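Chain by chain, the residues run as shown.
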There are 2 protein chains.
Amino acid sequence: MAASISPLRSSYRICNSLSFHHYRAKLRMHRKCESQRRHLHASVTRHAAVVVSGTEMARQIHREIQREVEELVTGGNMRPHLGVVLVGDDPASRTYVRNKTRAASILGISSDTVVKPTSVSQDELLELIDKMNRDWKVSGLLVQLPLPGHIKERAVCNAIAPEKDVDGFHIVNIGKLCLGQTSMVPATPAAVWEIIRRTGIETVGKNVLVAGRSKNVGLPIAMLLHTDRNHQRPGGDATVTIAHRCTPREQLKELTRLADIVIAAAGVPGLITVDMVKEGAAVIDVGINRVQDRTTGKLRLVGDVDFEGVKEKAGFITPVPGGVGPITVAMLMKNTVAAARYALTH
Amino acid sequence: MAASISPLRSSYRICNSLSFHHYRAKLRMHRKCESQRRHLHASVTRHAAVVVSGTEMARQIHREIQREVEELVTGGNMRPHLGVVLVGDDPASRTYVRNKTRAASILGISSDTVVKPTSVSQDELLELIDKMNRDWKVSGLLVQLPLPGHIKERAVCNAIAPEKDVDGFHIVNIGKLCLGQTSMVPATPAAVWEIIRRTGIETVGKNVLVAGRSKNVGLPIAMLLHTDRNHQRPGGDATVTIAHRCTPREQLKELTRLADIVIAAAGVPGLITVDMVKEGAAVIDVGINRVQDRTTGKLRLVGDVDFEGVKEKAGFITPVPGGVGPITVAMLMKNTVAAARYALTH
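Residues numbered from 1 in each chain as written. Chains lettered and ligands numbered in written order. Predicted model: local features only at pLDDT ≥ 70, side-chain atom pairs only at ≥ 80, totals over all residues. Heavy atoms only, no water.

The name an unreviewed UniProt entry gives chain A is methenyltetrahydrofolate cyclohydrolase, with Oncorhynchus tshawytscha as the organism. Entered under Catalytic activity (unreviewed entry) in the UniProt record, the comment concerning chain A runs "(6R)-5,10-methenyltetrahydrofolate + H2O = (6R)-10-formyltetrahydrofolate + H(+)". (UniProt positions renumbered as here; feature names shortened; annotations may be inferred.)

Engineer: Would you mind going over the UniProt feature "domain: Tetrahydrofolate dehydrogenase/cyclohydrolase catalytic" (unreviewed entry) in chain A with me for this structure?
Structural biologist: Here, the residues flagged by UniProt with the feature "domain: Tetrahydrofolate dehydrogenase/cyclohydrolase catalytic" (unreviewed entry) are residues 53-167 of chain A. Helix makes up 50% of residues 53-167 of chain A and strand 16%. Its end C-alpha atoms lie 24 Å apart. (Helix = DSSP H or I, 4+ residues; strand = E, 2+ residues; numbered from the N terminus.)

Engineer: I keep staring at helix α11 (residues 324-345) of chain A and nothing clicks. Help me out?
Structural biologist: For an α-helix the count is 3.6 residues per turn, leaving residues at separations of three or four pointing the same way. All names here are of chain A. The end-to-end C-alpha separation of α11 is 32 Å, in line with the 32 Å expected for 22 residues at 1.5 Å each. Those residues of α11 lying buried are V324, I327, T328, A330, M331, L332, M333, N335, T336, V337, A339 and A340. Along its buried surface, α11 packs onto α2 (54-74), β3 (81-87), α3 (91-107), β5 (140-143), α7 (187-199) and β9 (282-285). (Expected span 1.5 Å × (residues − 1). Buried < 20%, exposed > 50% of the residue type's maximum accessible area, 1.4 Å probe, protein only. Contact = heavy atoms within 4.5 Å.)

Engineer: What's the story with α2 of chain A in this structure? I'm lost.
Structural biologist: Residue and element names in this part refer to chain A. Between its first and last C-alpha, α2 extends 30 Å over 21 residues, near the 30 Å set by a 1.5 Å rise per residue. Within α2 the residues assigned to the buried category are G54, M57, A58, Q60, I61, I65, V69 and L72. Just past α2, the residue G76 takes up positive phi, approximately 90 degrees.

Engineer: For this particular structure, what's the right way to read the sheet that holds β5 of chain A?
Structural biologist: Paired through their backbone hydrogen bonds, the strands of a sheet run either parallel or antiparallel. Residue and element names in this part refer to chain A. Across the sheet, which stays open at both edges, the 3 strands sit in the order β4-β3-β5 with parallel pairing between neighbours. Looking at which strands have only one partner, the edges of the open sheet turn out to be β4 (110-116) and β5. On average, each strand axis in the sheet is inclined to that of its neighbour by 15 degrees, with strand direction left out of account. Here β3 pairs with β4 via 7 bridges, running parallel. Among the inter-strand pairings, G83 is bridged to a residue of β4, identified as D112. On top of the sheet, α3 reaches β3, β4 and β5; it is set at about 170 degrees to β3, its chief contact. (Pairing = 2+ DSSP bridges. Axes fitted to C-alpha atoms, helices over the stretch in contact; angles between N-to-C directions.)

Engineer: Just checking my understanding: could you explain the UniProt feature "domain: Tetrahydrofolate dehydrogenase/cyclohydrolase NAD(P)-binding" (unreviewed entry) in chain A for this structure?
Structural biologist: Residues annotated by UniProt as "domain: Tetrahydrofolate dehydrogenase/cyclohydrolase NAD(P)-binding" (unreviewed entry) correspond here to residues 186-342 of chain A. Helix makes up 34% of residues 186-342 of chain A and strand 18%, whereas the separation of the span's terminal C-alpha atoms amounts to 17 Å.

Engineer: Got a minute to help me understand the packing of aromatic side chains in this structure?
Structural biologist: For any pair of aromatic rings, the description rests on two quantities: the centre-to-centre distance and the angle between the ring planes. The tally for this structure, following the rule as stated, stands at 0 aromatic pairs over all chains. The aromatic ring of W193 of chain A is capped on one face by R197 of chain A, whose charged end is 4.3 Å from the ring centroid. (Phe/Tyr/Trp six-rings, centres within 6.5 Å; stacked < 30°, edge-to-face > 60°. Lys NZ or Arg CZ within 6 Å of the ring centre and 35° of its normal.)

Engineer: When you look at the interface of chain B and chain A in this model, what are you seeing that I'm missing?
Structural biologist: Think of interface size as the accessible area that goes away when the parts come together; that is how it is often given. Listed per partner, the contact involves 38 residues of chain B and 38 residues of chain A. Carbon and sulfur atoms supply 61% of the area buried between chain B and chain A, which totals about 3,100 Å² over both sides. Between chain B and chain A we count 6 salt bridges in total. Here R213 of chain B and D237 of chain A are joined by a salt bridge, their closest N and O atoms 2.7 Å apart. Joining chain B to chain A, the criterion identifies 21 residue pairs in polar contact (both at pLDDT 80 or more). (Buried area = accessible area lost by both parts, 1.4 Å probe. Salt bridge = Lys/Arg side-chain N within 4 Å of Asp/Glu carboxyl O. Polar contact = N/O pair within 3.5 Å; in protein donor to acceptor, adjacent residues only side chain to side chain.)

Engineer: How should the sheet that holds strand β3 (residues 81-87) of chain B be read in this particular structure?
Structural biologist: Residue and element names in this part refer to chain B. A sheet is described by the order of its strands in space; here 3 strands give the open sequence β4-β3-β5, paired in parallel fashion. The two strands at the open ends of the sheet, each matched to only one other strand, are β4 (110-116) and β5 (140-143). Direction aside, the axes of adjacent strands within the sheet are offset by 15 degrees on average. Docked against the sheet, helix α4 (residues 122-134) engages β3, β4 and β5, running at close to 175 degrees with respect to β3.

Engineer: Help me out: how do you make sense of the packing of helix α7 (residues 187-199) of chain B against helix α11 (residues 324-345) of chain B in this one?
Structural biologist: Residue and element names in this part refer to chain B. The geometry of α7 relative to α11 is characterised by a closest axis approach of 8 Å and an angle of 110 degrees between their N-to-C directions. When the axes of α7 and α11 are compared, the pair comes out roughly perpendicular. Across the interface between the two elements, A187, T188, A190, A191, V192, E194, I195 and R198 from α7 touch V324, I327, T328, M331, L332 and K334 from α11. The residue makeup of the contact of α7 with α11, split by class, is 9 nonpolar, 2 polar and 3 charged. (Parallel < 35°, antiparallel > 145°, perpendicular 65-115°, else oblique. Nonpolar A, V, L, I, M, F, W, Y, C, P; charged D, E, K, R; others polar.)

Engineer: Teacher, can you tell me more about the relation of the copies chain B and chain A here?
Structural biologist: One copy of the chain maps onto the second through a rotation about an axis and a displacement along it. Expressed as a screw transformation, the operator carrying chain B onto chain A has a rotation angle of 180 degrees and an axial translation of 0.0 Å, and the superposed copies differ by an RMSD of 0.0 Å. Between the two chains, the operation in question is that of a two-fold axis. In this assembly the copies share their binding face: 100% of the residues contributing to the interface of chain B also contribute to that of chain A. (Least-squares fit on C-alpha atoms with pLDDT ≥ 70 in both.)

Engineer: Mind showing me how you'd approach the pattern of salt bridges here?
Structural biologist: Note that side chains of opposite charge can pair when their charged atoms are close. Overall, the coordinates contain 34 salt bridges over all chains when judged by the stated rule. Where K278 of chain A meets D260 of chain A, a salt bridge forms, and the shortest distance between an N and an O atom there is 2.7 Å. Separated by 18 residues along the polypeptide, K278 of chain A in the loop between β8 (261-264) and β9 and D260 of chain A in the loop between α9 (249-256) and β8 bring together distant segments of the chain. What emerges from the salt-bridge pattern is a single network uniting R213 and R245 of chain A together with D228, R229 and D237 of chain B.

Engineer: How should I be thinking about the side chain of N207 of chain A in this particular structure?
Structural biologist: Within the secondary structure layout, N207 of chain A lies in strand β6 (residues 207-211). Within the structure, the side chain of N207 of chain A is placed 3.1 Å from the backbone oxygen of L258 of chain A, a separation counted as a polar contact. For N207 of chain A, the contacting residues outside a window of four places in its chain are T239, L258, A259, D260 and I261 of chain A together with Q251 and L255 of chain B.

Engineer: Even after reading the chapter, I still don't get the environment of T273 of chain A, so can you show me in this structure?
Structural biologist: All names here are of chain A. Relative to the elements of secondary structure, T273 occurs in the loop between β8 and β9. T273 sits 38 residues away from K311 along the chain, and the two C-alpha atoms are 9.9 Å apart. At 2.5 Å, the side chain of T273 forms a polar contact with the side chain of D275.

Engineer: What is the right way to read the state of the cysteines from this model?
Structural biologist: Working definition of a disulfide: a covalent bond connecting the sulfur atoms of two cysteines. Using the criterion set out here, one finds 0 disulfides over all chains in the structure. Left unpaired, C178 of chain B is separated from the closest cysteine sulfur, that of C178 of chain A, by 3.3 Å. (Disulfide = S-S within 2.5 Å.)

Engineer: Please clarify how the pairing of β5 of chain A should be interpreted in this entry.
Structural biologist: Along any regular strand the residues' side chains alternate between the sheet's two faces. All names here are of chain A. In β5, alternate side chains face the same way, and those of G140 and L142 on one face and L141 and V143 on the other are all buried. Of the strand pairs in this sheet, β3 and β5 are connected by 4 bridges, and their pairing is parallel. Residue pairing across strands places L82 opposite G140, the latter belonging to β5.

Here it is, written out as structure tokens:
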């Protein structure tokens, strides 16, 4: 089924979260158009993908969180507080922590960061977490990963009180996520879910391919999307395929071509190319890869999707940067507010 | 690609767990044959599927468990003991419990069943579980499901000590299973894994479709098969699709036709038909459905797979009854012995 080329092919539009009905209508039109094309076997014009702006969507979520925080405080409740533990002096970890506490501050969430040297023992760290678990002034608590090699990350993740675990990495939160129970959902999967919901992408009975099976990203995305929409924590009711580095290239292509939604979370630049995507599919790029630009020689951020190629064929696409990334931090803040709310009633 | 018909098509062979090398060699031959057929576009004879006898395989696992139990006891350790809680007088539940305790007895595992009336309160039940958790004479503990409506099954499952939870339904065991950590694996998914391993069906990089997403069967099977073979609890490293009742029929067919392994765990008689299966695929039938026989009018057990049709095209197939079922009870016993071993070192 060869796609016809029109002058519109190289254009794309920015979709912000304020006008989704508009874009849903456009998508319906686009689908009708597609169907007509199939029937007529004739060339008609088509539009390139709706580019979902994560930056715009994050702004809207920020406004919602700000409103929620102010309502809590005005109601006489404590201001939500995020406790952060940072071990060592890894520059990337420092940047991530700074971004998180800065976002918290903008949204009216107070925070403090406890910095420990790389030499900190696991026992000391567990004691600190225990203290923060019992501190009623701390609504949500996260330990920035990765940790030095002598500390067992799993032991640390499981030491955080599940109801304060804003990263959603505690074993009980993982179990609950898989069972479709209310739990802290890790920020990146929550961001993917939010994009799908706010953009109005249908999931029920749709075919979803998730490339990547990491415990904090790919796997929870697959759990959110395949589970029952009538469960305590509603799922997407989609058919979901989990692909990963053992998936042969040809098999991946065969499966992505059938997918209504492709979620790329493998950490492989250019993994998803235009020939792998079904016409009109939603393509969500969770990859964040630093590659050297061939022209400038400078490092730049790219996703797992060949954006320029795929946007000509997809129905929706998220860019990198400016797609899933900005929403991820917003979802962490949402979890912090949820933890503060939980503390009010328990 | 039409399959050629030969006098051998209606025959099938029983595969027992003692001669898998023989069958693997046959499968290789079969594949070679298949590939030649594709190249030549000529009619050659083919064999129907290897029928994997769960009854035979269970016998072998029983012998292994018996040996392990005797080694434990001879070594001066306590005989593994299974504690069972049965609530109410549901005849099916009674039968299941009787089958389990009978199997335990045959394998040298002692057991006792505490029967409570339907009117038992949740608190009473939780107290009983707490008592059995603390009882060092109980190695493994299970509460037969379903429970009366006034009792929260999830609360009961989470009350059992994870290390005694031979059903593997505790939230921590579910979380660990998803993370690829050593945990109690629920018996039916463990049985499917055992069939795949003992039959020598390859999983790495293979395309698996699991029809059914139940929390005790379909989901854990998908977890076992997609996870990393180098993790603490080795996984299958397969690409895995989770399909379920929201999956449209045509989409299911499209996906099963690509699958190297189809696992039917939907509870829908005749869900998987011959037109949905790839030539040479392994088809594992986890369904147990009671249907009325058209000729005799009597109830009989059938799986989710149209056995007679599919066996002519598949490479491996498990029958119902006599496939996954007998191995399920064996895996529960394996879990009980594992719990007894765990208690020795903790």
